[in-house]
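The primary structure of each chain is shown beneath.
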Amino acid sequence: MTAVNNSETSKFGVSSHTLFVCKTCASVWQDGKRLGESGGEKLLKQLQDLAQNWDLRDEFPIQQVECMSACNRSCVVAFAAQGKITYLFGDLVVDASASAVLECASQYYSKIDGLLPWSERPEALKKGILAKIPPIPVV
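### Details of the pairing of strand S6 (residues 86–89)
Link 1 in the chain: Pairing analysis gives 3 bridges linking strand S5 (residues 77–81) to S6, with the strands arranged antiparallel. The partner of Ala 78 across the bridge, within S6, is Leu 88.
Link 2 in the chain: With antiparallel pairing between neighbouring strands as the criterion, S5 and S6 make up a hairpin whose turn holds 4 residues, including Gly 83 at a positive phi of roughly 75°.
Link 3 in the chain: Inspection of the sheet shows S6 paired to strand S7 (residues 129–133) by 4 bridges, in the antiparallel sense. Looking across to S7, one finds that Leu 88 is bridged to Ala 131.

Listed below in structure tokens is the structure:
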């Protein structure tokens, strides 16, 4: 999928779009320590692998996050961009969501305001919306 290039960089040279992925989602804990690889880490690796061939890999970087405080709704990702709505999605199935996340990220990128109508989202991201945060105005 090719998107319209709506990517601008900030005054610091950072991409204006970011895909955040919680790497601690779906962790198994014992005695205060995480055991093995978390579901979030697995999803992150899948996204990174798929993104190698993604048209937007340079305009829409994937950034791991230690925790997004949605532990009861894991796995969790967020789309954020300057001047756009920020979305937080949860309840993502580790082994079945990565391509849908990148497809939805492409849709988000192509929208001037970031608005992702429910009917246009991939199936994996229709039911798991946790937050839709209004944009901070670009100054």
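Having seen the structure, we can now continue with the description.
### A look at the confidence of the model for the protein chain
Link 1 in the chain: Looking at the protein chain, pLDDT values average 87 and 88% of them are 70 or higher.
Link 2 in the chain: Looking over the protein chain, one finds the lowest element-wise mean pLDDT in strand S3 (residues 33–35), namely 83, and the highest in S6, namely 97.
Link 3 in the chain: Predicted confidence for residues 1–14 stays below pLDDT 50, and this span has 30 contacts to residues more than four positions away or in other chains.

### Focus on helix H1 (residues 39–51)
Link 1 in the chain: With 13 residues, H1 should reach 18 Å at 1.5 Å per residue; the first-to-last C-alpha distance of 18 Å fits that figure.
Link 2 in the chain: Every buried residue belonging to H1 is among Gly 39, Gly 40, Leu 43, Leu 44, Leu 47 and Ala 51, and all of these are buried. Considered in projection along H1, the buried side chains sweep an arc of 135° and stay on one side of the axis.
Link 3 in the chain: Buried residues in H1 make contact with strand S1 (17–22), strand S4 (62–65), S5 and helix H2 (98–110).

### Details of the sheet that holds S1
Link 1 in the chain: With mixed pairing, the 5 strands of this open sheet are ordered in space as S4-S1-S5-S6-S7. Every other strand in the sheet has two partners, leaving S4 and S7 as the edge strands with one partner each. In this sheet, neighbouring strand axes are inclined to one another by 15° on average, regardless of whether the strands run parallel or antiparallel.
Link 2 in the chain: Judged from the 4 bridges that link them, S1 and S4 form a sheet pairing that is parallel. Its bridge partner lying in S4, Cys 22 is registered against Val 65.
Link 3 in the chain: Across the face of the sheet, H2 comes into contact with S1, S5 and S6 while running at roughly 20° to S5.

What counts and what doesn't
- Residues numbered from 1 in each chain as written.
- Predicted model: local features only at pLDDT ≥ 70, side-chain atom pairs only at ≥ 80, totals over all residues.
- Heavy atoms only, no water.
- Pairing = 2+ DSSP bridges.
- Helix = DSSP H or I, 4+ residues; strand = E, 2+ residues; numbered from the N terminus.
- pLDDT = per-residue confidence, 0-100.
- Contact = heavy atoms within 4.5 Å.
- Expected span 1.5 Å × (residues − 1).
- Buried < 20%, exposed > 50% of the residue type's maximum accessible area, 1.4 Å probe, protein only.
- Arc of directions from axis to C-beta.
- Axes fitted to C-alpha atoms, helices over the stretch in contact; angles between N-to-C directions.

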